[in-house]
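Below are the chains, spelled out letter by letter.
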Amino acid sequence: MRARRYRRVMVMLALLALWTPAPWMPARAQTLVADLSSHLIAITTGFTGTDVVLFGAIDQPGDVAVVIEGPETSQTVRRKDRIAGIWINNETLKFSHVPGFYGVASNKPLDALLPPAVAQRHEIGLDHVRMLPRADADAATVAEFRSALIRNKQREGLYGTEVGEVVFLGQRLFRTSISFPANVPIGLYTVSVYLIRDRDVVGAQTTPLAVSKIGFSADIFDFAQHDGLAYGVMGVLLAVGAGWLAGSVFRKG
Amino acid sequence: MQIYLPIAEMSVNVFWVLGLGAMVGFLSGLFGVGGGFLMTPLLIFIGVPPAVAVGTQANQLVGAGVSGVMYHWRKRNVDVKLGLVMQAGGIVGTVLGVMLFGMLQRLGHIDLVISLSYVIFLGGISGLMLMESVRALFRGRRKGATRGKLHHHTWLHGLPFKMRFPRSRLYISVLLPVGIGFIGGVLVAIMGIGGGFLLVPAMIYILGMPTTLVAGTSLLQIILTTGVAAVLQAATNHTVDILLALMLLVGGVLGAQLGSRASGYLKGEQARALLALTVLGVAVKLAVDLVLTPDDLYSITTTAGPK
């Protein structure tokens, strides 16, 4: 019991030490502290996806929303049309500044917490993820391709299909769990925690999270990216070796 | 047991992939074809990105080809001279094919072109082979094989640059094997297949090679074109997953050895009919997919930033 209380005090101290207020927030709003169970997701050879726990505390009662955004990418969305009996990619719309991963969690339904304008400003919720259409397409087309992009990302498991749950332990402490699938893109992620009171964001904190390939699989990836020619030659030599070995073994057998 | 593939960027079951390699390897050994026409669609089906499936497949076909050639070599069923002449065309075709692949990928039509080429090439050739072998099977059953002329003379035999291929007892224009090799090379790069299903019938029907030499010789040609394709895909498109290729190889070479042995128990016509049926099956499946309304009309491609 004593040890546990001691540990909790240590955790709180660690939280205070890590506490980094967002620079644009007014000083009075700095009432939120949060951190992740790990700041690095290591993709090793045995990687099948992982969970990261976010925990934190607020000093006065309020609600909490958490947004996880992956590194920015450009995405091309294509629509198939039936041409001469077969389905062929036809219309195309490009989006830039599309997060490669997106998840959101909160302790109450989002529309009960925030008006759309505020949610839009902080990109809280799938409807408000920022993605910039590159061509000057009309609004209806953009909306159609945008929802198709989100749907495809959800199918790949990279965008959350529903709002995750932030659980309060008492009035002050909260936690939530973020799941990352095996195909999670590598890069620098931001985890933003928003403190919400009276249908407005009154505090925020951003924590970085790195997703990186580590060990054997990272070595292979780096080799393939940096020296493709040598990598290709090595691959062919390995294949020849394996084929030769099998051919020789079976000759004796 | 799950393993993370560093280039395909996905987690797969090791035994699943080994089994897939063994199954396709068996068929490739049995028919003397690379088996890529089955493997590439299967890899895409389990979620490997099409570009990575094609690049990795080229790499794994090299290994499968080596062990296959060793088997046929010991049985003296390889026409080295003809194989090398075909490879001259094959390398040119591969280089052009890899460039074409990159271009189609940028335009967003690579998946369609892959599917369409499968349907056209696989469907057409398997249909022809099936007709031919069914006729041969019936003829054989009625009154033993009737031996026709050794080969028919057509305009193909009037082409210039004639060369002797003593092992195959042929005296033909080098343009024929070079041209066949060229088409094989393009197919390796675009479809991720060795092109055996095309090379084998072309060597039988167009070149008029003895059937016994066809499997070994086409595998010899496939080794070099797939080798060049694998290196080029790795160097330009970074789409070769060595880990995936090695797992497919381990399964594939074992399967191919068994398949090569089993091929001894099959008559030429039976083997061809079975191959034709398998190829036709893949073509029909792909054709149906092109015509049926897809679940989602929209698809996305990452064009910049981390994949």
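Residues numbered from 1 in each chain as written. Chains lettered and ligands numbered in written order. Predicted model: local features only at pLDDT ≥ 70, side-chain atom pairs only at ≥ 80, totals over all residues.

One recurring pattern in soluble globular proteins: nonpolar side chains tend to sit buried together. Ranked by internal contacts, the top residues of the largest apolar core, which has 154 residues, are V64(A), A65(A), V66(A), Y118(B), L122(B), L249(B) and V279(B). It is helix α8 (residues 211–237) of chain B that provides the largest number of residues to this core, a total of 14 residues. Residues contacting V66(A), with those up to four places away along its chain left out, are L54(A), V104(A), A105(A), V166(A), T176(A), V191(A) and V193(A). (Core = buried A, V, L, I, M, F, W, Y, C linked by C-beta atoms within 7 Å. Buried ≥ 20, exposed ≤ 12 C-beta atoms within 10 Å, placed from the backbone. Helix = DSSP H or I, 4+ residues; strand = E, 2+ residues; numbered from the N terminus. Contact = placed C-beta atoms within 7 Å.)

Right, let's talk about the packing of helix α3 (residues 50–74) of chain B against helix α9 (residues 242–263) of chain B for a bit. Residues and elements named next belong to chain B. Following both chains from N to C, one finds α3 and α9 inclined at 30°, their axes separated by 9 Å at the closest point. What the angle tells us is that α3 and α9 run roughly parallel. As for how α3 packs across α9, the hand of that crossing is right-handed. Contact with α3, carried on its side by T56, N59, Q60, G63, A64, S67, G68 and Y71, involves L244, A245, L248, L249, G252, V253, A256, Q257 and S260 of α9 and no other residues of that element. By residue class, the composition of the contact of α3 with α9 is 8 nonpolar, 9 polar and no charged. (Axes fitted to C-alpha atoms, helices over the stretch in contact; angles between N-to-C directions. Parallel < 35°, antiparallel > 145°, perpendicular 65-115°, else oblique. Left-handed = near helix turned anticlockwise from the far one by under 90°. Nonpolar A, V, L, I, M, F, W, Y, C, P; charged D, E, K, R; others polar.)

For the rest of this paragraph, the subject is helix α10 (residues 268–291) of chain B. Here α10(B) contains 24 residues, and its C-alpha end-to-end distance of 35 Å stays within 8% of the 34 Å for a straight helix at 1.5 Å per residue. Among all positions in α10(B), only A271(B), R272(B), A273(B), L275(B), A276(B), T278(B), V279(B), V282(B) and A283(B) are buried. (Expected span 1.5 Å × (residues − 1).)

Our focus in this paragraph is the interface of chain A and chain B. Each partner contributes to the interface: chain A provides 55 residues, whereas chain B provides 52 residues. Elements with a contribution of two residues or more to the side of chain A that touches chain B: β5 (72–83), β6 (86–99), α4 (139–155), α5 (216–226) and α6 (228–252) of chain A. Among the elements that take part in the side of chain A that touches chain B, α6(A) stands out by supplying 16 residues, more than any other.

In this section: unusual backbone geometry. Trans is the prevailing form of peptide bonds, just as negative phi is the prevailing case for residues other than glycine. Residue and element names in this part refer to chain A. At H97, a residue that is not glycine, the phi angle is positive and equals roughly 55°. With respect to the helices and strands, the residue H97 is situated in strand β6. Take H97: there are 14 C-beta atoms within 10 Å of it, and that puts it in the partly exposed class. In this model, R199 sits at a positive phi of 55°, which is unusual for a non-glycine residue. Residue R199 is classed as exposed on the basis of its 11 C-beta neighbours within 10 Å.

On to helix α2 (residues 36–45) of chain B. Residue and element names in this part refer to chain B. Counting buried positions along α2 gives 7 out of 10 residues, so the element sits mostly inside the fold. The set of residues buried in α2 consists of G36, F37, L38, M39, T40, P41 and L43. Just downstream of α2, G47 is the residue with a positive phi angle, here 110°.

Here we come to the sheet that holds strand β11 (residues 173–180) of chain A. Residues and elements named next belong to chain A. Judged by pairing direction, the sheet is antiparallel, and its 4 strands sit side by side in the order β1-β3-β11-β10 without closing on themselves. What marks the edges here is a single partner per strand, and that holds for β1 (32–36) and β10 (167–169). Strand-to-strand twist across the sheet, computed as the mean angle between neighbouring axes with direction ignored, equals 25°. Bridging between strand β3 (residues 50–58) and β11 involves 8 bridges; their strand directions are antiparallel. By the bridge assignment for β11, V52 is matched with I178. (Pairing = 2+ DSSP bridges.)

Moving on, we get to the environment of V77(A). Residue position: V77(A) is located in strand β5. With 125 residues separating them along the chain, V77(A) and V202(A) place their C-alpha atoms 36 Å apart. Each residue touching V77(A), except ones within four places of it in the same chain, is listed here: L93(A), F95(A), F145(A), A148(A), L149(A), Y298(B) and I300(B).

To continue, consider the confidence of the model for chain B. All names here are of chain B. Averaged over all residues, the pLDDT of chain B is 82; the fraction at 70 or higher stands at 92%. Low pLDDT, under 50, characterises residues 143–148; the stretch is placed with 3 contacts to residues that sit more than four places away or in other chains. In the predicted assembly, ipTM is 0.79 and pTM is 0.75. (pLDDT = per-residue confidence, 0-100.)

Now for the packing of helix α6 (residues 175–191) of chain B against α8(B). Residue and element names in this part refer to chain B. Look at α6 against α8: their axes get within 9 Å of each other, and the N-to-C directions meet at 45°. In this view, α6 runs oblique relative to α8, as classed from their interaxial angle. Considering only the axes of α6 and α8, their crossing is right-handed. Packed against α6, whose contacting residues are G181, G184, G185, V188 and A189, the element α8 presents Q221, T225, T226 and A229 at the interface.

Turning next to the pairing of strand β3 (residues 162–165) of chain B. All names here are of chain B. Across 4 bridges, the pairing between β3 and strand β4 (residues 170–173) is antiparallel. Following the sheet pairing, R164 is matched in β4 by Y171. The hairpin turn running from β3 into β4, its antiparallel successor, is 4 residues long, and R169 in that turn takes a positive phi close to 55°.

Now for the pairing of strand β2 (residues 40–43) of chain A. Residue and element names in this part refer to chain A. Burial along β2 is one-sided: I41 and I43 are buried, and none of L40 and A42, which face the opposite way, are. One ladder, built from 4 bridges, connects β2 with strand β13 (residues 200–213); its direction is parallel. Note that in β13 the partner of I43 across the bridge is K213.

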